[in-house]
Amino acid sequence: MKISKEEVEHVALLARLKFSETEKERFTIQLNSILEYMDTLKELDTTQVEPTFHAVARKNVFREDQVLPSSPQDLALSNAPDGDRGFFRVPKIIE
Amino acid sequence: MDQNQKRRPEGKIDDPVWMGRISLSNSDSGLPHPERSCQIWLVLHSAIRNPQLEGAGMKLYEMTTHQLHDLLSRKEITSRELTGSVLKRIEELEGRIHAYITLTPEMALEQAAAADLRIQKGEAGPLTGIPLALKDVICTRGLRTTCGSHILDNFIPPYDATVTEKLRAAGAVFVGKTNMDEFAMGSSTENSAFGPSRNPWDTQRIPGGSSGGSAAAVAADECIASLGSDTGGSIRQPAACCGVVGMKPTYGRVSRYGLVAFASSLDQIGPFSKDVRDTALVLNAICGHEPRDSTSVDLPVPDYTRALEGDVRGMVLGVPRENSGQGIDPQVAESVREAIEVLKKLGAKTVEVSLPHSAYALAVYYIIAPCEASSNLARYDGVKYGFRAKGTQDLLDMYQETRWQGFGAEVKRRIMLGTYALSAGYYDAYYLKASRVRTLIRQDFEKAFEKCDAIVLPTAPTPAFKIGEKVDDPLQMYLSDILTIPCNLAGLPGLSLPCGFSREGLPIGLQILGNLFQEERVLRVAHAFERNTDHHRQKPKL
């Protein structure tokens with residue numbers, strides 16, 4: 001077992017997901033078989049190999065710091081599930 | 001081969017006068033489809049008189065972009081007639097194919113009318129007035145963009161993707177947004193929240209994925225060409241399954257601005273079309289540097305149609321030693337072998353190349369892509385846009401309920417995988433390890449391209465499989481991408497084009513890979529093959 005049901009629950013919390021009991025069990029089995037497959041990578045010695053994060057390497061792409069028009073407030077809020085007077089409304093966070 | 005039907009003379013083209021009522025309701029998912037219920041009456045009056053066309057027996061919707069551009073420029077047809085022909089085709093077939101999530105007949109006819117004005121003024125470009133379809137992962141201002149997900153069911157982008165802007169500027173006509181695996185995660189479109197698309201060659205089978213709707217729409221002539229996105233094969237594999245041409249350009253060639261992100265270091269937009277010339281024409285329209293995507297590369301864009309002028313004499317094609325064996329359907333292997341023989345007869349030389357680390361590509365991909373996805377998909381929190389679960393107790397509960405109800409199983413599986421692989425204690429073992437092996441895969445290609453101009457191999461290990469066949473076994477489903485993934489990890493351009501048919505009459509795809517920014521060589525090989533074969537002219541019986 002690479003990952004237990006308890007770990008699945010912990011990872012689900014990190015990912016802000018939740019699962020029913022049957023989903024948890026199914027995911028545990030599926031994630032285990034996928035992670036076992038990933039073990040094939042252990043066959044390779046990569047201690048001397050630099051990682052690739054982008055296929056076409058780029059770094060520090062600069063541009064002029066120009067002021068450009070931004071999205072108008074009503075447009076930015078147009079898809080909000082709970083928009084109110086120019087704000088995104090969310091459940092109460094601070095007691 | 002009896003399922004295949006060659007284009008045959010029919011003695012008549014589209015009825016000169018017809019009335020079509022677009023009234024599509026497809027409710028596989030039971031979710032509301034506002035755009036699907038739109039009804040529109042189309043009345044087209046002008047008769048089309050063109051002896052050449054009538055002789056060829058081709059309907060407008062069957063034609064390619066370059067054929068239609070000629071007819072439009074010569075004022076032999078109008079874009080309204082052409083668009084009407086495609087919309088009628090959609091009306092006839094969409095109930096069986098389900099290539100689209102959203103149809104936009106009214107907008108299409110408006111765009112067609114505007115295109116006709118441009119053509120009248122002699123300002124038509126190659127895509128002016130041509131009906132195209134966009135994968136529903138590409139943002140369209142004011143037009144719902146769902147990513148095949150319940151969580152974006154009602155999302156109306158406030159801006160256009162760069163490619164959408166470019167196609168609008170080119171005068172293209174948008175007939176709709178195509179179906180896809182949710183957030184482009186899948187190889188069959190079965191992960192769409194709106195129900196699967198069907199393969200026009202056999203509607204019991206998958207069209208491939210994740211851009212299955214875009215591939216099926218082109219194969220069924222429900223649009224002239226389309227755009228998809230390719231993260232691990234999501235353009236090339238469905239192109240192979242549906243018998244059309246599909247191309248993923250080099251990473252950085254096309255701006256990803258407005259492409260809803262799945263795995264940012266791998267995603268790339270590209271075209272589906274009915275032939276290689278159309279691929280070149282769409283590439284001309286969408287490629288190029290764009291500052292809003294800082295990974296887009298500032299290199300001049302050539303005219304890709306110029307690449308079609310050359311032949312393959314003297315070109316060296318690499319044939320990977322590793323792909324001759326396991327897991328590849330013998331019929332696929334045979335078709336690809338025959339295709340390579342065709343290219344040799346045309347003057348290409350072949351050389352064996354070795355890509356030993358490609359065997360690890362699938363494991364690398366299914367670590368890196370879910371890691372990037374778990375980060376990219378953190379934005380779906382029920383606050384700024386998209387679905388929010390009702391009746392929740394507090395913020396955490398709201399996040400969890402929203403994401404649990406809003407995402408489908410495969411998306412949740414990949415978010416879980418990625419979150420796990422990036423979590424404390426596992427980062428080095430999974431993400432960093434995979435990124436190091438990614439370097440080895442990239443270096444294999446670098447070495448291979450020292451001795452060849454392009455690499456040829458099958459696109460998918462098997463022809464299209466049956467709907468439902470692999471839904472319960474994620475790893476089996478992932479194996480569909482085993483031949484397309486290495487190209488994404490290395491950022492290379494890759495193209496799939498039809499190279500034969502299985503005994504059941506299902507299309508088989510030949511994949512051609514080029515070195516970074518060598519799209520032209522890929523197109524040259526593809527075009528030489530296409531010019532000397534007729535697989536791309538075969539049409540499904542529908």
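Residues numbered from 1 in each chain as written. Chains lettered and ligands numbered in written order. Predicted model: local features only at pLDDT ≥ 70, side-chain atom pairs only at ≥ 80, totals over all residues.

A. Quick peek at the overall build of chain B. Across its full length, chain B holds 16 helices and 15 strands. Burial statistics for chain B: of 542 residues in total, 61% are counted as buried. For chain B, contacts bridging at least 24 residues in sequence account for 77% of all contacts bridging at least 6. (Helix = DSSP H or I, 4+ residues; strand = E, 2+ residues; numbered from the N terminus. Buried ≥ 20, exposed ≤ 12 C-beta atoms within 10 Å, placed from the backbone. Contact = placed C-beta atoms within 7 Å.)

B. Expanded view of the nonpolar core. Residue and element names in this part refer to chain B. The biggest cluster of nonpolar side chains holds 173 residues, and the ones touching the most others in it are L132, V175, V364, I367, M416 and V525. Top element by residues in this core is helix α10 (residues 361-376). It accounts for eleven residues. Not counting residues within four places of it along the chain, the set of residues in contact with L132 comprises L167, A172, V173, F174, C223, I224, A225 and S226. (Core = buried A, V, L, I, M, F, W, Y, C linked by C-beta atoms within 7 Å.)

C. Seen up close, the interface of chain B and chain A. Each partner contributes to the interface: chain B provides 54 residues, whereas chain A provides 41 residues. Those elements that provide at least two residues to the side of chain B that touches chain A are α10, α11 (395-406), α12 (409-422), α13 (428-448), α14 (474-478) and α15 (485-490) of chain B. Counting residues per element, the side of chain B that touches chain A draws most heavily on α13 of chain B, which supplies eleven residues. Considered class by class, the residues forming the side of chain B that touches chain A number 31 nonpolar, 13 polar and ten charged. (Nonpolar A, V, L, I, M, F, W, Y, C, P; charged D, E, K, R; others polar.)

D. Focus on helix α8 (residues 276-286) of chain B. Residues and elements named next belong to chain B. Among the eleven residues that make up α8, eleven are buried, leaving the element largely enclosed by the rest of the structure. Buried residues of α8: V276, R277, D278, T279, A280, L281, V282, L283, N284, A285 and I286, and no others. One or two positions beyond α8, positive phi appears at G288, with a value near 130°.

E. A look at the sheet that holds strand β8 (residues 245-248) of chain B. Residue and element names in this part refer to chain B. Pairing within the open sheet is mixed, and its eleven strands lie in the order β4-β6-β5-β7-β9-β8-β13-β14-β12-β10-β11. Of all strands in the sheet, those with a lone pairing partner are β4 (100-103) and β11 (349-353), marking the two edges. This sheet shows a mean twist of 30° between the axes of neighbouring strands, independent of strand direction. Two strands pair when backbone bridges link them, and β4 and strand β6 (residues 173-178) are joined in this way by three bridges, in the antiparallel orientation. Looking across to β6, one finds that T102 is bridged to K177. (Pairing = 2+ DSSP bridges. Axes fitted to C-alpha atoms, helices over the stretch in contact; angles between N-to-C directions.)

F. Structural context of the environment of E290 of chain B. Residues and elements named next belong to chain B. Relative to the helices and strands, E290 is located in the loop between α8 and β10 (316-320). We classify E290 as partly exposed; it has 19 C-beta atoms within 10 Å. When the C-alpha atoms of E290 and M416 are compared, they prove to be 33 Å apart, with 126 residues separating the residues in sequence. In contact with E290, not counting residues within four places along its chain, are T162, S255, Y257 and S296.

G. Region of the structure containing the environment of A261 of chain B. All names here are of chain B. Within the secondary structure layout, A261 lies in the loop between β8 and β9 (269-273). Remark: the alpha-carbon pair of A261 and M416, spanning 155 residues in sequence, is separated by 17 Å. The contact partners of A261, leaving out residues within four places of it in the chain, are D267 and N376.

H. Region of interest: unusual backbone geometry. Residue and element names in this part refer to chain B. For the peptide bond that leads from G209 to S210, omega is 10°, which places it in the cis range. Positive phi, normally seen in glycine, also occurs at T189, with a value near 65°. By the element assignment, T189 lies in the loop between β6 and α6 (212-219).

I. Seen up close, helix α1 (residues 5-14) of chain A. Listing the buried residues of α1 of chain A in full gives V8, V11 and A12 of chain A. Burial along α1 of chain A is one-sided: seen end-on, the buried residues are contained in an arc of 105°. Where α1 of chain A is buried, its residues meet α2 (21-38) of chain A together with α12 of chain B. R16 of chain A lies just past α1 of chain A and shows a positive phi near 55°. (Arc of directions from axis to C-beta.)

J. Expanded view of the environment of E334 of chain B. The topology assignment puts E334 of chain B in helix α9 (residues 330-345). Taking the C-alpha atoms as reference points, E334 of chain B and N376 of chain B, 42 residues apart in sequence, are found 40 Å from one another.

K. Molecular detail of the packing of α8 of chain B against helix α16 (residues 519-531) of chain B. Residues and elements named next belong to chain B. In the contact formed by α8 and α16, the axes pass within 9 Å of each other and the chain directions differ by 155°. It follows from the interaxial angle that α8 and α16 lie roughly antiparallel. Contact residues: V276, T279, A280 and L283 in α8; E519, L523, A526, H527 and E530 in α16. (Parallel < 35°, antiparallel > 145°, perpendicular 65-115°, else oblique.)

L. Quick look at the pairing of strand β12 (residues 454-458) of chain B. Residue and element names in this part refer to chain B. Of all five residues that make up β12, five are buried, and the element is covered over most of its length. As defined by bridge partners, β10 adjoins β12 across two bridges and the pair is classed as parallel. Considered in β12, the bridge of L317 is made with A454. Both β12 and strand β14 (residues 507-514) contribute to a ladder of five bridges, which runs antiparallel. Bridging from a neighbouring strand, I455 pairs with L513 of β14.

M. Just the confidence of the model for chain B, in detail. All names here are of chain B. Overall, the predicted model of chain B reaches an average pLDDT of 90, with 89% of residues at or above 70. Note that pLDDT drops below 50 for residues 1-51; the model gives that stretch 94 contacts with residues more than four away or on any other chain. For this predicted complex, the interface confidence score (ipTM) comes to 0.96, while the overall pTM stands at 0.91. (pLDDT = per-residue confidence, 0-100.)

N. Quick look at the packing of α10 of chain B against α12 of chain B. Residues and elements named next belong to chain B. It is at 7 Å that the axes of α10 and α12 come closest, and there the two elements cross at 95°. Comparing their axes, α12 and α10 come out roughly perpendicular. Contacts between α10 and α12 involve I367, P370, C371, A373 and S374 from the former and R414, I415, L417, G418, T419, A421 and L422 from the latter. A class-by-class count of the residues in the contact of α10 with α12 yields eight nonpolar, three polar and one charged.

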